[in-house]
Amino acid sequence: MNNHDWARRDLAVVWHPCTQMKDHEQLPLIPIRRGEGVWLEDFEGRRYLDAISSWWVNLFGHANPRINDAVKAQMDQLEHVILAGFSHEPVVRLSERLIALAPPGLNHCFYADNGSAAIEVALKMSFHYWQNVGKKNKTRFINLAGSYHGETLGALAVGDVSLFKETYQPLLLTPITVPSPDCYQREAGESCADYSVRAFAHMERALAQHAHEVCAVIVEPLVQCAGGMRMYDPVYLKLLRAACDRHGVHLIADEIAVGFGRTGTLFACEQAAITPDFMCLSKGLTGGYLPMSVVLTHDTVYQAFYDDYARLSAFLHSHSYTGNPLACSAALATLDIFAADDVIARNRALAAEMAQATAHLRDHPHVAEVRQMGMILAVEMVQDKASRTPYPWQERRGVRLYRHALSRGALLRPLGNVSYLMPPYVITPEQIRFLAEVMTESIDVAVSDRPDASSATATLLF
Ligand SMILES: *Cc1c(COP(=O)(O)O)cnc(C)c1O
């Protein structure tokens, strides 16, 4: 069976995520036979460098021998057990390790099985906390424009990417949405920190006006990823932590995408030296192996639920696969690699290589900005550089970029007009230079108004 056969069988039965399925009449679906390190290999032996870590989950490459061994060993011991009334070794060890690594004060771990579910947990826990302490009017949340927190109805409601959200509006909670500190919007000559401070005025106003009815502010610390890799300064988080305390409102840090070293520190909150009331983790948590998420919180929250059963103050949320031992074992192996290989320090050199290899793109006539936060580097394509006029979304320039990159053996999957590198940490400097070259060429193809020969080839292959 070759690529074509698998693609045909797939499209007859599989409904793919985040996809207009009709696109696959034109766009090749790529069946992957195996993965190794940064590479994905299809059924005809063609390789693709996974520059986006398979949707930001992979940290140490595909089929990593150390994680493989840990999961295999756990499988022979215990694959799964109910976590209500029962416990197991991996979940205890993992909770202890996460608490030791997390911002100080976070000392209880509540597990779920994907990122969106962790957001639901944090929203419900925050709301329920205020119910338990008698603040019954707190029913709302404050979020940032352009934020993304997942796809289930609660998580979708506190996100702000209209493409994902608009259709479902009648079903959703209504958050109080505050302008983003996104530094792309700063004035010429203004520093990112200055802009973030200036943008905070909107948050301060919203808190002053709504704190009495607000449970929590929810943010993606430092990088709003799905919203287009929008970056802001840590000073915003410092101001936010202080303001939440002043106004008696929780702070939920959604580190699902930025956690585990993506921004240059293990957790993004570290850069502002803050402890949120809830920290949501998933994606890189298991090194990209298995679906799992966790919400960390502190004693004050935990104690507000801890009482005699008859008071009915317990948090009764559950998922069937809560705290799955296989997923915990993958997470423990992932944390072992962080410790043994001094990953955060080594990533600094890789991040510098990413900056250097893409520096020339700043002068590209259709690039408005190259921005970077640690192991995330994003390039904003525009129609007009001077006015920063974006390409109309209908032109789907990003899809052209995607196709061309595939034809060159790289998986780059832009967010609209924003192309980015978010590679596994096992990437080499040479592979980074290769990606930068492919990205540059793919941007040229995407912005050119001539049809691209290699894209046509890709279509024919399908
Ligand atoms: C991916 C993501 C989520 C949702 O996680 P899923 O596992 O896809 O449900 C939530 N928040 C952020 C910041 C994310 O990037």
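Residues numbered from 1 in each chain as written. Predicted model: local features only at pLDDT ≥ 70, side-chain atom pairs only at ≥ 80, totals over all residues. Heavy atoms only, no water.

Can you tell me about the packing of aromatic side chains, naming the residues and giving the values?
Under the criterion given, the structure shown has 14 aromatic pairs. Look at Tyr232 and Tyr236: their rings are 5.4 Å apart centre to centre, the planes differ by 75 degrees, and that puts the pair in the edge-to-face class. Accessibility expressed as a relative area gives 0% for Tyr236, which makes it buried. Measuring from centroid to centroid gives 5.4 Å for Phe260 and Phe267, while their planes differ by 70 degrees, and the two rings are edge-to-face. (Phe/Tyr/Trp six-rings, centres within 6.5 Å; stacked < 30°, edge-to-face > 60°. Buried < 20%, exposed > 50% of the residue type's maximum accessible area, 1.4 Å probe, protein only.)

Could you give an account of the pattern of salt bridges, naming the residues involved and the relevant values?
Here the structure, examined in full by the defined rule, presents 26 salt bridges. Measuring nitrogen to oxygen at the nearest pair gives 3.2 Å for the salt bridge that ties Glu380 to Arg230. With Glu380 in strand β14 (residues 376–381) and Arg230 in strand β9 (residues 230–231), this residue pair connects regions lying 150 residues apart in the sequence. Note on accessibility: Glu380 and Arg230 belong to one class, buried. Among the ionic pairs, Arg371 bridges to Glu369, the shortest N-O distance being 2.7 Å. Judged by relative accessible area, which is 9%, Glu369 ranks as buried. Through salt bridges with shared partners, a single network forms among Asp182, Arg186, Arg230, Glu369, Arg371 and Glu380. (Salt bridge = Lys/Arg side-chain N within 4 Å of Asp/Glu carboxyl O. Helix = DSSP H or I, 4+ residues; strand = E, 2+ residues; numbered from the N terminus.)

An account of the sheet that holds strand β3 (residues 47–50) is requested, with residue identities and associated values reported.
In spatial order, the strands read β1-β2-β3-β15; together these 4 strands make up an open sheet with mixed pairing. Two strands in the sheet have a free side with no partner beyond their single neighbour: β1 (32–36) and β15 (410–411). Pairing between β3 and β15: 2 bridges, direction parallel. Each residue of the ladder has a partner; that of Leu49, found in β15, is Ala410. (Pairing = 2+ DSSP bridges.)

Please set out the domain arrangement of the protein residue by residue, giving values where relevant.
What the domain assignment reports for the protein is domain 1 (3–63 + 343–460) and domain 2 (68–340). Once you take the C-alpha centre of each, domain 1 and domain 2 turn out to be 27 Å apart. Listed by partner, the interface residues are 32 residues for domain 1 and 30 residues for domain 2. Note on domain 1 versus domain 2: buried area summed over both sides is about 2,600 Å², and carbon and sulfur give 64% of it. Across the domain 1-domain 2 interface, the total number found is 2 salt bridges. Here Arg186 ties to Glu369 by a salt bridge, and the two come within 3.2 Å at their closest N and O atoms. (Domains from an automatic or database assignment. Contact = heavy atoms within 4.5 Å. Buried area = accessible area lost by both parts, 1.4 Å probe.)

So what's going on with the pairing of strand β5 (residues 140–144)? Residues and values would help.
Across the 5 residues that make up β5, a large majority, 4, are buried. In this structure, β5 lies alongside strand β7 (residues 214–219), joined through 3 bridges in parallel fashion. Bridge pairing in β7 links Ile142 to Val217. The pairing of β5 with strand β6 (residues 176–178) spans 3 bridges and is classified as parallel. Paired with Leu144 across the bridge in β6 is Val178.

Describe the layout of surface pockets, and please don't skip the residues or the numbers.
Taken as a whole, the second largest pocket holds about 840 Å³ of empty space. Along the wall of the second largest pocket there are 29 residues; nearest its centre are Cys109, Phe110, Tyr302, Phe315 and His317. Of the residues forming the lining of the second largest pocket, the biggest block, 5 residues, is contributed by strand β4 (residues 106–112). Here the residues of the lining of the second largest pocket are counted per class, giving 17 nonpolar, 10 polar and 2 charged. (1 Å grid on protein atoms, 1.4 Å probe; cavity = no way out; pocket = protein on both sides within 12 Å on 5 of 7 lines; lining within 4 Å. Points joined across faces, edges and corners; volume = space filled by probe spheres on them. Nonpolar A, V, L, I, M, F, W, Y, C, P; charged D, E, K, R; others polar.)

Requested: an account of the sheet that holds strand β16 (residues 418–421), with residues and values cited.
Spatial strand order, β13-β14-β16: 3 strands in an open sheet with antiparallel pairing. With partners counted over all chains shown, the strands left at the sheet margins are β13 (367–373) and β16, one partner each. Along the sheet, successive strands turn relative to each other by an average axial angle of 15 degrees, direction set aside. Across 6 bridges, the pairing between β13 and β14 is antiparallel. (Axes fitted to C-alpha atoms, helices over the stretch in contact; angles between N-to-C directions.)

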